[in-house]
Amino acid sequence: MSGFLNFWGTFFHSPTRAFMSQGLSHEWAWFWSMLIGVLIIALPLMLAVAMIIYADRKIWAAIALRRGPNVVGPWGLLQSFADGLKVFLKETIIPTGANRGLFLIAPIVTFTTALMVWAVIPFDYGVVLANINVGLLYVLAASSLGVYGVIVAGWASNSKYPFFSALRAAAQMVSYEVSIGFVLICVVLYANSFNLTDIVMAQQGHKLFGLLNGYGFNPLLFPMAIVFLISSMAETFRTPFDLVEAESELVAGHQTEYSSMSFALFWLGEYGNVILMCALNALLFWGGWLPPVNWAPLYWIPGILWLFAKMAFFFFVFSWVKATVPRYRYDQLMRLGWKIFLPLSILFVVVISGWLMFSRYGGAA
């Protein structure tokens, strides 16, 4: 019994070392520790996707003065699982003129890239699968790959509406990736690191005489927090930026020809990316797992609960916006990205760089 407890005690601090203590080689110990770490993240994430789809529908219903899901399970909690079972039992139909291989690969790409980014997301200090020094660059690179699933799905369907959707997705992703990149530069300049754990810890006691945790409380970074929040909605193709799927114009966009589990994988990938963007908003600007106020009793609450609470708040904002803001026209979408967010983010990179040169380094070049 004591050996079992010692194993799990070591596992939570160093999984590889715990398996090596059981006689495994370093290579096999690393493999099993990584596999368990992936499952610990991926399985709860899939459950979270089911729950936030339910929460999304409940929030829309409340804003529209409706009841929302309320039949399947207590308070309708099992509605998402019933929907999942339904699509699982349906037939996968592939259009005659479609490219069969690419048609089936596209939803897998979307789903897989949505999971990849979570490898570097820290849930608390030291609670991260891969604590790499360039975590923020990895997030930017891996999250950008998701658009390939949309583009491939639109082209492989051999149908005009999905193809239009693919073109829109490519243009929209490029438009907002650029401004997001400059916003992240502002954060990196303040934190002096690309490591997400270091970025969160640099926010501890950041403002108001060390009382507040979070870059969002900084007057220079608050506008960038707003730009990042709006851009993250555009990156995940959420309303009012859902021109990729605009059902009044493109039926269902790149998903038009899909059915069964291939259709479900697009939904899982989409909501996985929404949860990811909620986590990034919390980590980059609002202290991540740190409490909002740098007060010792608040640290008694586990950091992961603070992170989940902030993610839940941002998800509510996402749903609130989707239920209340009308869809943009495409020219408005492009104008916001290229003529407002891009110049604004570049301006703040210059302003923040100048401010840090004089305040942190005394103006020394």
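Everything below is about the structure shown above.
Note that the structure is predicted; figures quoted are calculated from it, not measured.

*Asks:* Would you mind going over the packing of helix α6 (residues 135-144) against helix α7 (residues 146-156) with me for this structure?
*Replies:* For any two helices packed against each other, the geometry comes down to the angle between their axes and how far apart the axes lie. Taken N-terminus to C-terminus, the directions of α6 and α7 make an angle of 10°; their axes are 4 Å apart at the nearest point. With respect to each other, α6 and α7 are oriented roughly parallel. Along its contact with α6, which presents Ala142, Ser143 and Ser144, the element α7 presents Gly146, Val147 and Tyr148. Tallied by class, the residues present in the contact of α6 with α7 amount to three nonpolar, three polar and no charged.

*Asks:* Explain the pattern of salt bridges to me, please; I cannot follow it from the model alone.
*Replies:* Two side chains that carry opposite charge are able to pair once their charged atoms sit near each other. For the structure shown, the criterion picks out five salt bridges. Ionic pairing is found between Asp242 and Arg327, a salt bridge with its closest N-O pair at 2.8 Å. Within this pair, whereas Asp242 is found in the loop between α10 (222-235) and α11 (247-250), its partner Arg327 is found in the loop between α13 (303-324) and α14 (330-359), the two being separated by 85 residues in sequence. Assessed through its relative accessible area of 9%, Asp242 is described here as buried. For Arg327, a relative accessible area of 27% puts it in the partly exposed group. Where salt bridges share partners, they join Arg329, Asp331 and Arg335 into one cluster.

*Asks:* Just checking my understanding: could you explain a nonpolar patch on the surface for this structure?
*Replies:* Taken together, the side chains of Leu24, Trp28, Trp30, Phe31, Trp32, Leu35, Leu39 and Leu43 make up a nonpolar region of the molecular surface, amounting to roughly 800 Å² of accessible area. When you line up the elements, Phe31 lands in helix α3 (residues 26-63).

*Asks:* Just to check I follow, could you spell out the packing of helix α5 (residues 100-116) against helix α12 (residues 260-285) for this structure?
*Replies:* The geometry of α5 relative to α12 is characterised by a closest axis approach of 8 Å and an angle of 25° between their N-to-C directions. The angle between α5 and α12 places the two elements in the roughly parallel class. Considering the relative orientation of α5 and α12, their crossing is left-handed. Every residue of α12 that contacts α5 at Ala106, Pro107, Ile108, Thr110, Phe111 and Ala114 is listed here: Ser262, Leu265, Phe266, Leu268, Gly269 and Asn273. Considered class by class, the residues forming the contact of α5 with α12 number eight nonpolar, four polar and no charged.

*Asks:* It is not clear to me how the environment of Asp83 should be interpreted in this structure. Could you clarify?
*Replies:* With respect to the secondary-structure elements, Asp83 resides in helix α4 (residues 79-89). We classify Asp83 as partly exposed; its relative accessible area is 25%. Counting along the chain gives 248 residues from Asp83 to Asp331, while the straight-line C-alpha distance between them is 35 Å.

*Asks:* Just checking my understanding: could you explain α14 for this structure?
*Replies:* Because each turn of an α-helix spans 3.6 residues, side chains separated by three or four positions in sequence point in the same direction. Across its 30 residues, α14 extends 42 Å between first and last C-alpha, which sits within 8% of the 44 Å expected from 1.5 Å per residue. A maximum bend of about 35° is found in α14 at Phe341, where proline Pro343 lies one to four positions downstream. Along α14, the residues classified as buried are Leu333, Met334, Leu336, Gly337, Phe341, Leu342, Ser345, Phe348, Val349, Ile352 and Leu356. Of the surrounding elements, those touching the buried residues of α14 are α8 (160-191) and α10.

*Asks:* Where do I start with the side chain of Thr236 in this structure?
*Replies:* One can find Thr236 in the loop between α10 and α11. On the accessibility criterion, Thr236 (6% relative accessible area) is buried. Of the polar contacts made by the side chain of Thr236, one reaches the backbone oxygen of Met233; its length is 3.2 Å. Those residues within four positions of Thr236 in sequence are excluded, and the remaining contacts are Glu270, Asn273, Val274, Met277 and Phe318.

*Asks:* Sorry, what's going on with the packing of aromatic side chains here?
*Replies:* Aromatic ring pairs are defined here through the distance separating the ring centres and the angle between the ring planes. Using the criterion set out here, one finds 15 aromatic pairs in the structure. Relative to Trp286, the ring of Phe222 lies with its centre 6.5 Å away and its plane at 80°, an arrangement referred to as edge-to-face. On the criterion of sequence distance, the pair formed by Phe222 in helix α10 and Trp286 in the loop between α12 and α13 is long-range, its members being 64 residues apart. According to the relative accessible area criterion, Phe222 is partly exposed, its value standing at 38%.

*Asks:* Sorry if this is basic, but what is going on with the nonpolar core here?
*Replies:* Burial of nonpolar side chains together is a common tendency in soluble globular proteins. In this structure, Trp118, Leu284 and Phe285 are the most contacted members of the largest nonpolar core, which totals 66 residues. Contributions of two or more residues to this core are made by α3, α6, α8, α9 (196-201), α10, α12, α13 and α14. At 12 residues, α12 tops the list of elements feeding residues into this core. With near-sequence residues (within four places) excluded, Leu284 lies in contact with Leu136, Leu184, Val187, Leu196, Ile199, Gln203, Tyr215 and Phe228. Counting seven residues, the second largest nonpolar core, distinct from the first, contains Ala98, Ala106, Tyr258 and Phe266.

Thresholds applied
- Residue indices begin from 1 for each chain and proceed along its sequence in written order.
- Totals for whole chains, interfaces and linings use all residues, but because this is a predicted model, local features are given only for residues with pLDDT of at least 70 and pairs of side-chain atoms are given and counted only at 80 or more.
- Calculated side-chain values reflect all of the structure's heavy atoms, with hydrogen atoms and water omitted.
- Here an angle of 0 to 180 degrees is reported between the N-to-C directions of two axes, which are lines fitted to C-alpha atoms, with helices fitted over the stretch in contact.
- Secondary structure elements follow DSSP: runs of H or I no shorter than four residues count as helices, runs of E no shorter than two count as strands, and numbering proceeds from the N terminus.
- The scheme is simple: roughly parallel for angles under 35 degrees, roughly antiparallel for over 145, roughly perpendicular for 65 to 115, oblique for anything else.
- Residue contacts follow a heavy-atom distance rule, with two residues in contact if any of their heavy atoms lie within 4.5 Å.
- Under the grouping applied here, Gly and all other residues not named as nonpolar or charged are polar, the nonpolar ones being Ala, Val, Leu, Ile, Met, Phe, Trp, Tyr, Cys and Pro and the charged ones Asp, Glu, Lys and Arg.
- In the sections that follow, a salt bridge refers to a side-chain nitrogen of Lys or Arg positioned within 4 Å of a carboxyl oxygen of Asp or Glu.
- Burial status follows relative accessibility: with a 1.4 Å probe on protein chains alone, a residue under 20% of its type maximum counts as buried, one over 50% as exposed, and anything between as partly exposed.
- Note that patches include only residues with greater than 30% relative accessible area and no salt bridge, and the join distances are 9 Å for like charges and 5 Å for nonpolar side chains (Val, Leu, Ile, Met, Phe, Trp, Tyr).
- Surface exposure here means Shrake-Rupley accessible area, sampled with a 1.4 Å probe, where a residue is shielded only by the protein chains that are shown.
- By the definition used in this description, the sense in which the near helix is turned from the far one sets the handedness, with an anticlockwise turn below a right angle giving left-handed and a clockwise turn giving right-handed.
- A helix is expected to span 1.5 Å multiplied by its residue count minus one.
- Two axes enter the bend calculation: one fitted to the seven residues ending at the residue in question, the other to the seven starting there, and the bend is the angle between them.
- For the purposes of these results, a polar contact is taken to be a pair of N or O atoms within 3.5 Å, where, inside protein, one atom must be able to donate a hydrogen and its partner to accept one; residues adjacent in sequence count only when each atom of the pair is a side-chain atom.
- Between 30 and 60 degrees the pair is tilted, below 30 it is stacked and above 60 it is edge-to-face, where a pair is any two Phe, Tyr or Trp rings, Trp via its six-membered ring, whose centres lie within 6.5 Å.
- What makes a nonpolar core is a set of buried Ala, Val, Leu, Ile, Met, Phe, Trp, Tyr and Cys residues whose side-chain atoms join them at distances within 4.5 Å.

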